[in-house]
Amino acid sequence: MEIIIRETAASATGIAARIIAKLLRDKPAAVLGLATGSTPLPLYRTLIEMNLDWSQVTTFNLDEYIGLPREHPQTYHSFMWENLFQHINISKDRVHIPDGNAADIPASCADYEARIREVGGIDLQVLGIGTDGHLGFNEPTSSLASRTRIKTLTRQTRVDNARFFGSESEVPHHVITMGIGTIMEARTNLLLAFGENKARAIAEAVEGPITSINPASVLQMHPAVKVCLDEPAASELKRADYYRWVYDNKPAWQTF
Ligand code: PGA
C-alpha cells in the first residue's frame, strides 16, 4: 500500500486527479471504477476542470440503492450524471451503474460482472471508505471473496447517509454493490479518505489485521493500492511519519 498524507483534502484530491489523468492519457480507452458520496466530489470537480478526453473511457460504478426511482436525486445514477458525466465527453453507452430497479436482481448482478469481464476488467477503481470500513456497500462481515450482489445496510451506514436524504427513515435498507472480490480484481485501487471521522477506519484498514469486520483491510492483499489522505484522516496511523518520509523521498520517476 502506498499511503499518501497531505495537509488538506484539496491537496490529496489533486494527487488522485493527477493519477487518473495520467491513466487516461496513457490509455485513452481505460476502464474506471467510480464511487459516490462526499469524498470523491472534489475529485470529480478537479477532473472536469482538467478537460480530459473521456470519449473512449468506460466506467463502472460501485453501488446503487435498491428501489429508488432512477431519477430520484439520491440515486447514484443521479449523483454521477449531475456531478461528473454531464460535464465530460463520455459516451452514455460506456457508463455502467448497477440497476436498483432490476426485476431480477441476481441476474442483473451477474450481468454487471460479465460486462466488467467483457471490457477486460477495471484498470483503476476509485474508493471511499465508510466509518465502519466498508468499501462500496460491502458492510462489515461481507465475504472477502464476494461479487456484485444485494446487501443490507447497517444502521451506522444509514445514519451516516441520512444527511443526504433528510432523515434516516428515507435511506433505503437494500443496495446493490460490487463485491470485495470484484474490487480486488481492479488493477489499481485508489482509496480516498478525508476528515477525522475516517481516522479509525483508515488505521484499522492500513495497519490492523485483515478481517471482514473492516472490509477495507483486505486491500493489504492487493498489489497496487494508493491511499490518499488528509492529515485528520491519517491521525490514528501509527506509522504516519514513515509514510510521509516515503512520499517526500520518492524517486523522481515515481512521482505523480
Ligand atoms: P462518504 O462515504 O464519501 O460520503 O464519506 C464514503 C463511503 O461510505 O464509502
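Analysis parameters
Residues numbered from 1 in each chain as written. Predicted model: local features only at pLDDT ≥ 70, side-chain atom pairs only at ≥ 80, totals over all residues. Heavy atoms only, no water. Buried < 20%, exposed > 50% of the residue type's maximum accessible area, 1.4 Å probe, protein only. Helix = DSSP H or I, 4+ residues; strand = E, 2+ residues; numbered from the N terminus. Arc of directions from axis to C-beta. Contact = heavy atoms within 4.5 Å. Near = heavy atom within 4 Å. Polar contact = N/O pair within 3.5 Å; in protein donor to acceptor, adjacent residues only side chain to side chain. Areas by Shrake-Rupley, 256 points an atom, 1.4 Å probe, with all protein chains shown as cover. 1 Å grid on protein atoms, 1.4 Å probe; cavity = no way out; pocket = protein on both sides within 12 Å on 5 of 7 lines; lining within 4 Å. Sits in = over half its atoms within 2 Å of the grid points. Pairing = 2+ DSSP bridges. Axes fitted to C-alpha atoms, helices over the stretch in contact; angles between N-to-C directions. Points joined across faces, edges and corners; volume = space filled by probe spheres on them. Nonpolar A, V, L, I, M, F, W, Y, C, P; charged D, E, K, R; others polar. Phe/Tyr/Trp six-rings, centres within 6.5 Å; stacked < 30°, edge-to-face > 60°.

> Explain helix α2 (residues 41–49) to me, please; I cannot follow it from the model alone.
Helical geometry: 3.6 residues make up each α-helical turn, so side chains three or four residues apart lie on a common side. Of all the residues in α2, the buried ones are Leu43, Tyr44 and Leu47. Down the axis of α2, the sector holding all buried residues measures 95 degrees, keeping them to one side. Elements in contact with the buried residues of α2: α1 (9–26), β2 (31–34), α3 (76–83), β6 (124–127) and β9 (188–193). Of the residues one or two after α2, Asn51 is the one with positive phi, at around 55 degrees.

> Quick question: what am I supposed to make of the site of the ligand here?
Around the ligand, the neighbouring residues are Gly37, Ser38, Thr39, Gly128, Ile129, Gly130, His134, Arg163 and Lys198. Interatomic distance of 3.0 Å between a side-chain N/O atom of Arg163 and an oxygen atom of the ligand. With respect to the ligand, the side chain of Lys198 contributes an N or O atom lying 2.6 Å from an oxygen atom. Calculation on the ligand without its partners gives an accessible area of 280 Å², and the protein chains cover 84% of this total. Comparing atom positions with the cavity grids shows the ligand to sit within the largest pocket.

> I tried to follow the sheet that holds strand β4 (residues 63–65) on my own but got confused; where do I start?
Two modes of strand pairing occur in sheets, parallel and antiparallel, and in both the strands are linked by backbone hydrogen bonds. Spatial strand order, β4-β8-β7: three strands in an open sheet with antiparallel pairing. Here the strands that pair on one side only, and so sit at the sheet edges, are β4 and β7 (149–152). In this sheet, adjacent strand axes meet at a mean angle of 30 degrees when their direction is disregarded. Bridging between β7 and strand β8 (residues 174–177) involves four bridges; their strand directions are antiparallel. Directly across from Thr152, in β8, lies its bridge partner His174.

> Sorry, what's going on with the layout of surface pockets here?
Space inside the largest pocket adds up to approximately 440 Å³. The biggest single contributor to the lining of the largest pocket is helix α5 (residues 155–165), with five residues. Considering only residue class, the lining of the largest pocket consists of eight nonpolar, 12 polar and four charged.

> How should I be thinking about the sheet that holds β9 in this particular structure?
Here we have seven strands laid out as an open sheet, ordered β1-β10-β9-β6-β2-β3-β5, and parallel in their pairing. Each end of this open sheet is capped by a strand with a single partner; those strands are β1 (2–6) and β5 (95–96). In terms of strand pairing, strand β3 (residues 58–61) meets β5 through two bridges, oriented parallel. By the bridge assignment for β5, Phe60 is matched with His96.

> Looking at this model, I keep getting lost on the packing of aromatic side chains. Mind explaining?
Aromatic rings considered in pairs are described by the distance between their centres and by the relative angle of their planes. In the structure shown here, the tally under the stated rule is seven aromatic pairs. Geometrically, the ring pair formed by Tyr65 and Phe137 is tilted, given 5.7 Å between the ring centres and 45 degrees between the ring planes. Placement of Tyr65 in strand β4 and of Phe137 in the loop between β6 and β7 is noted, with a sequence separation of 72 residues between them. In this structure Tyr65 comes out as buried when scored by relative accessible area, which is 1%. A network of ring pairs unites the aromatic residues Tyr65, Tyr76, Phe137 and Phe165 as a single cluster.

Any functional reading would require information that these geometric values do not contain.
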